[in-house]
Amino acid sequence: MRVELADGATKDMGKMLGGDEEKDPDAAKKEEERQEALRQEEEERKAKYAKMEAEREVMRQGIRDKYGIKKKEEREAEAQAALEANAEGSLTRPKKAIPPGCGDEEEEEEESILDTVIKYLPGPLQDMFKK
């Protein structure tokens, strides 16, 4: 049962209800042109932001030069070069430096703790530990 109000109205109703759509003969060409336009806009946008970033980097470098600041990558590279220079003749990984106050002093502290404990023991037990 089809109600015909006007010629265009029935066609539109058919499209809304999932009927056959009219196929545009130039649809493929239009889609290709649209895709090309999107690609071109994307390239222009990327070029614009690359130019802006280059300008920012020039400004950053001027500030670094003015205040003697090094880039993070440069600092890391110098630190790595220093580590490699220290371990140049070594076949194994570099040894960790022992901070002053560590090492043999721990044994002395342990002995002094043991002596302190022995002082509080009764006489016969002190003799056993001193031997």
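As recorded by an unreviewed UniProt entry, the protein carries the name Complexin-1 and is attributed to Chrysemys picta bellii. Recorded in UniProt under Sequence similarities (unreviewed entry), the annotation for the protein is "Belongs to the complexin/synaphin family." Quoted verbatim from the Subunit (unreviewed entry) field of UniProt, the annotation for the protein is "Binds to the SNARE core complex containing SNAP25, VAMP2 and STX1A."

(A) Region of interest: helix H2 (residues 27-67). Between its first and last C-alpha atoms H2 spans 60 Å; for 41 residues at 1.5 Å apiece the expected length is 60 Å, and the two agree. Downstream of H2 by a residue or two, Gly68 has a phi angle that is positive, lying close to 70 degrees.

(B) Inspection of the packing of aromatic side chains at higher detail. What the rule picks out here adds up to zero aromatic pairs. Taking the ring centre of Tyr49 as reference, the NZ or CZ of Lys48 above it sits at 5.5 Å.

(C) How the structure looks around the pattern of salt bridges. Inspection of every chain in the model, using the stated rule, returns nine salt bridges. For Glu31, the salt bridge is made with Arg34, and the minimal N-O distance between the two is 2.8 Å. Of the two residues, Glu31 and Arg34 both sit in helix H2, three residues apart, roughly one turn of that helix. Residue Glu31 is classed as partly exposed on the basis of its relative accessible area of 36%. Here Lys71 ties to Glu57 by a salt bridge, and the two come within 3.5 Å at their closest N and O atoms.

(D) View of a nonpolar patch on the surface. On the surface, Met59, Ile63, Tyr67 and Ile69 cluster together to form a nonpolar patch covering roughly 460 Å² of accessible area. Relative to the helices and strands, Tyr67 is located in helix H2.

Reading the values: rules and limits
- Residues numbered from 1 in each chain as written.
- Predicted model: local features only at pLDDT ≥ 70, side-chain atom pairs only at ≥ 80, totals over all residues.
- Heavy atoms only, no water.
- UniProt positions renumbered as here; feature names shortened; annotations may be inferred.
- Helix = DSSP H or I, 4+ residues; strand = E, 2+ residues; numbered from the N terminus.
- Expected span 1.5 Å × (residues − 1).
- Phe/Tyr/Trp six-rings, centres within 6.5 Å; stacked < 30°, edge-to-face > 60°.
- Lys NZ or Arg CZ within 6 Å of the ring centre and 35° of its normal.
- Salt bridge = Lys/Arg side-chain N within 4 Å of Asp/Glu carboxyl O.
- Buried < 20%, exposed > 50% of the residue type's maximum accessible area, 1.4 Å probe, protein only.
- Patch = residues over 30% accessible without salt bridge, like charges linked within 9 Å, V, L, I, M, F, W, Y side chains within 5 Å.
- Areas by Shrake-Rupley, 256 points an atom, 1.4 Å probe, with all protein chains shown as cover.

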